[in-house]
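# Summary of structural features
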Amino acid sequence: MLGRTAQNLFWLSRYVERAENMARLLEVGYKMSLTSRREGGEAEHLISMMQAAEVDEAFEATGRIADVDTVAHFMVFDEGNPSSVKSCLMAARTNARSVRTAITIDMWQSLNAAWLEFSQIKPRDVRGAKLLGLLQWVRQRSHEFRGALLGTILRNDGYAFSQAGNFVERADNTARILDMKYFVLLPRADLVGGDLDIQQWTLILRAASAHRSYRHVYHDRYKARNIADFLILRPEMPRSLVFCARMLNQTLESLADIYGKRLDCHDVVADLCAMVENTTMDEVFGKGLHEFLTEFVARNNRVTECLSESYNFY
Amino acid sequence: MGDTAPFDEMYDADGTVREPYRALAQWIDEQPEKALSLMQADAEGIFRRLGITFAVYGSDEGTEKLIPFDVIPRIISATEWRRLSKGIEQRVRALNAFLYDVYHRQEILKAGRIPEKLIVNNAAFCPDMMGVDPAKGVYSHIIGVDIVRVGPDEFYVLEDNLRTPSGVSYMLEDREAMMQLAPDLFQRIKVAPVETYPENLRRTLESVAPANVAGTPTIVVLTPGIHNSAYFEHSFLADQMGAQLCEGQDLFVDGGKVYMRTTTGPERVDVIYRRIDDDFLDPLTFRPDSMLGVPGLFNAYRAGNVTLVNAPGTGIADDKAVYTYVPQIIEFYLGEKSILSNVPTYNCTDEDQRAYVLEHIGELVVKEVHGSGGYGMLVGPTSTKAQQAEFKKKIEARPDNYIVQPTLALSTCPTYVNSGIAPRHVDLRPYVLVGDKVRITPGGLTRVALTKGSLVVNSSQGGGTKDTWVLED
């Protein structure tokens with residue numbers, strides 16, 4: 001397989017995952033802004049959501065005032081925002097076009113149809129219920145693409161590079177959401193547990209599609225410690241750091257099998273995995289939640305770099 | 001030719017249905033009202049989802065468009081096809097022999113059958129190819145011959161397209177769409193398959209691999225990239241053949257051999273089906289500013305370490321000025337009379353002929369010698385006085401830059417348009433593969449001018465396509 005093809009497959013999956021994550025974050029931010037009864041609360045929630053998406057500075061640079069309409073437009077339609085749904089879908093489709101021969105017809109059709117439908121939408125028509133409908137649609141399209149991928153792609157190196165992209169992006173997303181809100185997840189927050197904390201916790205869980213599954217796992221009210229545990233160390237939670245790291249590790253192991261060779265990237269991923277596997281929440285808090293997450297994000301970034309070096313992305 | 005109504009492929013002048021179209025005509029009659037318009041709408045959905053698009057240069061509405069597809073197939077009888085394919089095979093054999101000759105001993109020039117300066121001073125002549133011996137002596141492996149029909153037995157070759165003809169993916173996708181839209185029609189009518197093309201392409205490419213390749217040769221398709229108007233086709237063909245789709249940056253030359261950059265390091269490449277023009281192939285030999293090509297590729301080719309398909313320099317054999325000599329070329333190399341006719345062509349460098357052309361420009365078709373895609377062309381009968389005046393000036397300024405032909409009354413074929421079913425002009429591009437043998441896919445791409453009365457079938461000028469059926473005996 002061409003190094004460029006491997007790279008395109010990796011980023012194709014990353015962008016589809018990112019589009020989904022951005023849609024989910026905006027939905028959360030939007031709903032929270034609706035429930036705010038305080039003066040200025042609406043903007044506060046939206047900005048805090050954009051911080052978790054790491055696009056707050058880019059938004060500020062547009063010079064616009066944060067309200068539901070401007071933020072929604074920025075997150076969904078703004079091509080100047082490299083993480084907007086539109087930018088992600090465009091980038092995903094461009095990558096897919098470059099590797100048409102390495103993806104299946106079902107994968108291509110799913111992406112192509114998503115892009116064609118999306119480009120028919122006029123931004124000014126998307127408000128209120130329509131916005132929520134659109135965000136749901138984005139998530140569904142991402143699921144459909146993943147379904148097409150899992151159902152049709154050959155289990156070869158191309159599959160491995162796609163999966164690697166998917167889980168690097170997801171791990172990054174979950175780690176960032178946690179880190180932006182780490183202060184409400186510290187054990188002392190449980191002692192306070194005011195309305196504001198509850199709202200923040202809800203945001204975190206919803207942003208990871210985890211607010212329902214939380215109850216199934218913990219049978220308990222929202223607690224900061226549980227939430228952090230759920231999204232970092234729970235192997236059954238498909239967006240947790242440990243889940244993503246394990247999937248990455250498995251994926252890279254399969255590449256080592258296919259190519260019959262272990263490379264630097266294998267050690268880097270094994271380290272990333274060990275970081276979340278051989279630890280407890282006590283240790284994480286002992287080390288400092290923020291410090292832990294920062295290190296995780298850095299190591300996760302290192303995975304991308306190492307993959308590029310080991311497999312000749314260019 | 002002339003003022004009579006053009007030949008219609010489905011209906012005789014008295015309105016009776018011609019034999020090859022009988023089953024189709026009956027099927028159309030049986031369709032409930034609206035059935036065809038529903039089919040037409042379905043077809044658009046199918047093509048859009050497949051992502052079959054092309055780019056129109058100079059278009060503002062984004063870069064991707066669909067080529068309109070017409071749901072009424074164009075039919076060629078088995079007898080008609082036998083004659084066509086014989087004529088086509090004869091042409092491509094002769095033209096490959098001609099290419100070998102002009103890049104070696106130039107016997108045809110020495111014999112005075114073609115003026116020497118027409119060849120050696122021609123921009124399409126590639127001096128770097130002198131003395132190069134391509135595998136199996138084949139220069140043009142993949143050919144799309146443009147043919148028009150003007151009567152029951154009158155076929156003319158318009159152009160030979162020996163460089164990098166496009167459109168074959170539409171031939172394949174049109175068939176696929178047609179089978180999805182009207183499977184019952186295929187039960188009634190025995191149509192020769194076109195689905196063999198990708199496998200035959202692969203076999204052709206394998207057969208011209210360098211002689212020293214052990215085992216199965218590694219084949220790649222070289223594309224300029226996703227912004228090229230035919231990118232869909234490049235990826236489609238690579239996919240169908242199981243070949244790697246490469247851009248210039250994916251390949252490199254080391255020690256006179258070509259490699260691609262893979263996830264596990266360099267991998268040797270044996271055959272390159274390139275969809276990049278000669279000029280851009282290798283910045284060290286041709287245009288130095290080319291970002292699309294591979295430095296050193298031509299030397300690797302000359303050393304016989306890789307096969308380029310088609311060979312550089314094939315343009316000299318499909319140059320519009322050389323075109324007029326094809327009957328002589330066939331006779332010179334094969335000792336045969338040409339089976340398919342050339343369109344009579346006026347040579348503007350000849351004073352008498354030029355005078356006639358300038359006088360009658362309103363009845364003639366003027367083409368730029370190196371133009372393609374319907375750009376830089378004048379169709380006399382549908383042009384304005386101003387356009388005619390402009391082309392007269394151009395011809396006077398550079399008579400050697402234009403060829404002029406009578407306006408052919410291209411045959412028409414029933415086509416589904418807004419007002420129902422109406423005749424529209426069509427042409428035909430069968431696809432030919434030349435390797436260890438000549439393989440011609442029965443059928444080809446039928447292009448149809450969707451505007452009433454228009455004779456310009458190019459997709460860039462509002463043309464559409466039809467599925468093309470060759471009937472089996």
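On a predicted model such as this, the values are computed, not experimentally measured, just so you know. (Residues numbered from 1 in each chain as written. Chains lettered and ligands numbered in written order. Predicted model: local features only at pLDDT ≥ 70, side-chain atom pairs only at ≥ 80, totals over all residues.)

## Let's talk about the overall build of chain B
A tally of helices and strands in chain B yields 15 helices and 22 strands. Whereas a compact globule of 473 residues would reach a radius of gyration of roughly 23 Å, chain B reaches 22 Å, a difference of no more than 12%. When the backbone C-alpha atoms are referred to their principal axes, chain B occupies close to 65 × 60 × 45 Å. Scored against the burial criterion, the 473 residues of chain B give a buried share of 44%. Pairs at least 24 residues apart make up 69% of the contacts formed inside chain B by residues separated by at least 6 positions. (Helix = DSSP H or I, 4+ residues; strand = E, 2+ residues; numbered from the N terminus. Rg over C-alpha atoms; globule rule 2.2 N^0.38 Å. Buried ≥ 20, exposed ≤ 12 C-beta atoms within 10 Å, placed from the backbone. Contact = placed C-beta atoms within 7 Å.)

## Observations concerning the overall build of chain A
Scanning chain A from N- to C-terminus turns up 16 helices and zero strands. In terms of overall size, chain A behaves like a compact globule, its C-alpha atoms giving a radius of gyration of 19 Å where 314 residues would be expected to give roughly 20 Å. With respect to the three principal axes, the spread of C-alpha positions in chain A is 60 × 50 × 35 Å. Within chain A, the fraction of its 314 residues that count as buried is 49%.

## Overview of the sheet that holds strand β2 (residues 142–144) of chain B
Each strand in a sheet pairs with its neighbour through backbone hydrogen bonds, running either in the same direction (parallel) or in the opposite one (antiparallel). All names here are of chain B. Read from one edge to the other, the open sheet built from three strands follows the order β2-β19-β20, with strand pairing classed as antiparallel. The open sheet has two free edges, formed respectively by β2 and β20 (438–440), since each of these has just one partner strand. Neighbour-to-neighbour, the strand axes of this sheet turn through a mean angle of 20°, independent of strand direction. Direction of pairing for strand β19 (residues 431–434) relative to β20: antiparallel, over a ladder of three bridges. Note on β20: the bridge partner recorded for Val432 is Ile440. (Pairing = 2+ DSSP bridges. Axes fitted to C-alpha atoms, helices over the stretch in contact; angles between N-to-C directions.)

## Examining helix α5 (residues 85–98) of chain A
All names here are of chain A. Along its 14 residues, α5 runs 20 Å from first to last C-alpha, staying within 8% of the 20 Å computed at 1.5 Å per residue. Taken across its 14 residues, α5 has eleven buried, putting it largely inside the fold. Along α5, the residues classified as buried are Val85, Lys86, Ser87, Cys88, Leu89, Ala92, Arg93, Asn95, Ala96, Arg97 and Ser98. (Expected span 1.5 Å × (residues − 1).)

## Regarding the packing of helix α1 (residues 3–35) of chain A against helix α7 (residues 129–152) of chain A
Residues and elements named next belong to chain A. Where α1 meets α7, the closest approach of the two axes is 9 Å, and the angle between their N-to-C directions is 155°. Comparing the axis directions of α1 and α7 gives the class roughly antiparallel. Remark: the crossing between α1 and α7 carries left-handed chirality. Contacts between α1 and α7 pair Val16, Glu17, Ala19, Glu20, Ala23, Arg24, Leu26, Glu27 and Tyr30 from the former with Leu131, Leu132, Leu135, Val138, Arg139, Ser142 and Phe145 from the latter. Partitioned by chemical class, the residues of the contact of α1 with α7 number ten nonpolar, one polar and five charged. (Parallel < 35°, antiparallel > 145°, perpendicular 65-115°, else oblique. Left-handed = near helix turned anticlockwise from the far one by under 90°. Nonpolar A, V, L, I, M, F, W, Y, C, P; charged D, E, K, R; others polar.)

## Remarks on the domain arrangement of chain A
Residues and elements named next belong to chain A. If you check the domain split of chain A, you get domain 1 (1–153) and domain 2 (155–314). Taking only C-alpha atoms into account, the centre of domain 1 sits 21 Å from that of domain 2. With 24 residues of domain 1 at the contact, the number on the domain 2 side is 26 residues. Where the side of domain 1 that touches domain 2 is concerned, the elements lending two or more residues are α1 and α2 (41–52). In terms of residue count, α1 provides more of the side of domain 1 that touches domain 2 than any other element does, 17 residues in total. Grouping the amino acids of the side of domain 1 that touches domain 2 by side-chain chemistry returns 13 nonpolar, five polar and six charged. (Domains from an automatic or database assignment.)

## Looking at the nonpolar core
All names here are of chain A. Of all hydrophobic cores here, the largest spans 214 residues; its most connected members are Ala19, Leu26 and Leu248. At 15 residues, the largest contribution of residues to this core is made by α1. Once you skip the residues sitting within four places of it in the chain, Ala19 turns out to touch Val85, Cys88, Leu89, Ala92, Val138 and Ser142. (Core = buried A, V, L, I, M, F, W, Y, C linked by C-beta atoms within 7 Å.)

## Focus on the interface of chain B and chain A
Between chain B and chain A, the contact holds 16 residues from the first and 20 residues from the second. Residue assignment for the side of chain B that touches chain A shows that the elements contributing at least two residues are α2 (35–50), α9 (231–241), β6 (244–246) and β8 (257–262) of chain B.

## A look at helix α10 (residues 195–207) of chain A
Residue and element names in this part refer to chain A. Given a rise of 1.5 Å per residue, 13 residues ought to cover 18 Å, and the 18 Å separating the end C-alpha atoms of α10 matches this to within 8%. Within the span of α10, buried status applies to Gln200, Trp201, Leu203, Ile204, Leu205 and Ala207. Structurally, α10 contributes buried residues whose contacts are with α1, α2, α8 (157–180), α11 (211–218) and α12 (224–233). Phi turns positive, to about 50°, at Ser209, one or two residues after α10.

## Observations regarding the sheet that holds strand β14 (residues 364–368) of chain B
All names here are of chain B. Taken in spatial order, the four strands of this open sheet run β13-β16-β14-β15, and their pairing is antiparallel. Strand pairing shows two members of the sheet lacking a second neighbour, β13 (346–347) and β15 (377–379), which therefore form its edges. Sheet topology places β14 next to strand β16 (residues 402–406); five bridges connect them, and they run antiparallel. Paired with Glu368 across the strands is Tyr402, a residue of β16.

## Comments concerning the domain arrangement of chain B
In many reports, interface size means the accessible area that the parts give up when they come together. Partitioning chain B into structural domains gives domain 1 (19–195 + 319–340 + 409–470), domain 2 (211–305) and domain 3 (344–406). Relative placement of domain 2 of chain B and domain 3 of chain B: their C-alpha centres are 38 Å apart.

## Some thoughts on the confidence of the model for chain B
Residues and elements named next belong to chain B. Scored by pLDDT, chain B comes out at a mean of 91, with 95% of its residues at no less than 70. Long-range and interchain partners of residues 55–62, a stretch whose pLDDT sits below 50, account for six contacts in this model, where long-range means more than four residues apart. Predicted complex metrics record ipTM = 0.78 and pTM = 0.85. (pLDDT = per-residue confidence, 0-100.)

## Focus: the environment of B:Asn228
All names here are of chain B. Residue position: Asn228 is located in the loop between β5 (219–222) and α9. Residue Asn228 is classed as partly exposed on the basis of its C-beta count, with 18 C-beta atoms lying within 10 Å. Residues Asn228 and Arg275, 47 residues apart in the sequence, show an inter-C-alpha distance of 9.8 Å.

## Quick notes on the pairing of β14(B)
Residues and elements named next belong to chain B. Within β14, four of the five residues are buried, leaving the element largely enclosed by the surrounding structure. Here β14 pairs with β15 via three bridges, running antiparallel. The residue bridging Val366 from the neighbouring strand is Leu378, located in β15.

## Looking at unusual backbone geometry
All names here are of chain B. Cis geometry is adopted by the peptide bond preceding Asn310, which originates at Val309 and carries an omega value of -10°. Along the chain, Asn310 turns up in the loop between β11 (307–309) and α11 (315–318). Residue Lys34 is not a glycine yet carries a positive backbone phi of 75°. Looking at the element boundaries, Lys34 is found in the loop between α1 (22–30) and α2.

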